[in-house]
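Structural overview
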Amino acid sequence: MEAKKIVLTKPFTTLIDNQSSDSEGSYKAPNMLQQILNLFKNVRLGSDLSRFKLPPIFNMPKSQLQWYGECIYSTSTEVDLLNNINNGKTALERLISVVAWSISTTRPQNFGVAPYNPILGETHHVSKGNLNVLIEQVSHHPQVSAFHATGQKENIEIILCHYPVPKFVGSGVEAIMHGKRKLCLHNHGETYEMNCPNFLFRFLPVPGIDWVGDVTIRCQETGLVAELSYIRQSFFGFGGNRRRIKGKIFDSLTMNVLYKIDGHWDSTVTLKDASNAEVRVIYDAKQVISGLHTPFVKDQENVWPTESALVWGELSQAIINNDWEKAREAKKNVEETQRILQRERESKGETWIPKHFIVSQSNEDGWNCSPIQKWVPDAPIITL
């Protein structure tokens, strides 16, 4: 029997680490800017690019589901942000830790390459310590990903529903990140709801990738709120706003501002006490997202056929090898298999149903994804 082609690559880490020549996370295709400008030269301003197909040379060797997962489970072994949240002695300290955790999910990336668009029913299932993570692609058009992570020992739960809508904005592509995030601390009876900043892929005048937009983190039970602004850099890059983040923490019941937030999401973020002007660092990107480990397969027999690292294994290996002819063939095979399955469902009058989530959608609330299982099971893929 032919062995499964399961390909796992190094997570994105800090920019300092990404400069390392041996980093799988630093993959970059040659002559990228000119190729990108040629690719988008006939695209109109404001065009929805959600159905736009990238050739393999523009892909990094991993799926969007793997990238989503890495933003949650890939942190330094020295820092456990989720446990820090749970260990907070007061509601205010816990919210501050949630702010730090939220910032940690916005990772720097290399310009010019993007992950694969997941196929319908694709999954990514990984365990890190006591945290088990499961992501499923619950819709293909639009691209909707459902995320569930649980730490049964700490009684922590994370539920996410993401559906990015990429639009051409003249100087680049901005992915509007729709969807909801919930972080539940069941031991404290607290649920923190938040959104995600938008992802900006800038071509001109200086190529780069940024997170931009406003994020609100709210705890319904305590009334505490954090508002963050990922500041958009000026067109020519003047000023000190590159990857700048500013914000505040306040009590929504009294509207009293408790803390001011300032810094850069790819380096350090500080918190200033509104009562005594005391300043402390609440997030250090180099400490949290450097020295990350590549996940590995612990139990190959129990890797699901829908696992991202298996679905795209042939393509990922071809990209790593710079074998573009094989990469095009591998990508075509995955996409054609999906089209065949879709035609078969349509001919039988069948509707595809997600395996791990209950999904609903409305004009008022958008997409909502609820996990079927209370606890995510242990995964056959492990990360340290």
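Note that the structure is predicted; figures quoted are calculated from it, not measured. (Residues numbered from 1 in each chain as written. Predicted model: local features only at pLDDT ≥ 70, side-chain atom pairs only at ≥ 80, totals over all residues. Heavy atoms only, no water.)

**With respect to the overall build of the protein chain**
From N to C terminus, the protein chain includes 9 helices and 19 strands. Taking all 384 residues of the protein chain together, the buried fraction comes to 52%. If you take every contact in the protein chain between residues at least 6 apart in sequence, the share linking residues at least 24 apart comes to 60%. If you sum the accessible surface of the protein chain, you get close to 18200 Å²; carbon and sulfur atoms cover 50% of it. (Helix = DSSP H or I, 4+ residues; strand = E, 2+ residues; numbered from the N terminus. Buried < 20%, exposed > 50% of the residue type's maximum accessible area, 1.4 Å probe, protein only. Contact = heavy atoms within 4.5 Å. Areas by Shrake-Rupley, 256 points an atom, 1.4 Å probe, with all protein chains shown as cover.)

**Concerning helix H9 (residues 324-348)**
For H9, built from 25 residues, the straight-helix expectation of 36 Å at 1.5 Å per residue is met to within 8% by its first-to-last C-alpha distance of 37 Å. Three or more residues of H9 are buried, namely Trp-324, Ala-327, Ala-330, Lys-331, Val-334 and Gln-338. Buried-residue contacts for H9 involve strand E1 (59-63), helix H7 (308-311) and helix H8 (313-320). Two residues or fewer after H9 comes Gly-349, characterised by a positive phi angle close to 70°. (Expected span 1.5 Å × (residues − 1).)

**Thoughts on the confidence of the model for the protein chain**
Note that predicted coordinates carrying low pLDDT should not be read in detail. For the protein chain, the average pLDDT comes to 87, and 87% of its residues sit at 70 or higher. Here residues 14-25 is modelled with pLDDT under 50, and outside its nearest four sequence neighbours on either side it reaches 29 contacts, counting other chains as well. (pLDDT = per-residue confidence, 0-100.)

**Quick word on the pairing of strand E3 (residues 123-128)**
In terms of residue burial, E3 counts as a mostly covered element, since 6 of its 6 residues are buried. With burial as the criterion, each face of E3 is covered, one bearing Thr-123, His-125 and Ser-127 and the other bearing His-124, Val-126 and Lys-128. The hairpin formed by E3 and strand E4 (residues 131-139) contains 2 residues between the paired strands, and Gly-129 there has a positive phi angle of roughly 60°. (Pairing = 2+ DSSP bridges.)

**Some points on helix H5 (residues 91-104)**
Here H5 is 14 residues long and its end C-alpha atoms lie 20 Å apart, about the 20 Å a rise of 1.5 Å per residue gives. Of all 14 residues that make up H5, 12 are buried, and the element is covered over most of its length. All of the buried residues in H5 are Ala-91, Arg-94, Leu-95, Ile-96, Ser-97, Val-98, Val-99, Ala-100, Trp-101, Ser-102, Ile-103 and Ser-104.

**Quick look at the packing of aromatic side chains**
Summed over all chains, the structure comprises 6 aromatic pairs. The structure contains a cluster of three or more aromatic residues connected by ring pairs, namely Trp-67, Tyr-68, Phe-199 and Trp-211. Against the face of Phe-250 rests Lys-248, its NZ or CZ located 5.3 Å from the ring centre. (Phe/Tyr/Trp six-rings, centres within 6.5 Å; stacked < 30°, edge-to-face > 60°. Lys NZ or Arg CZ within 6 Å of the ring centre and 35° of its normal.)

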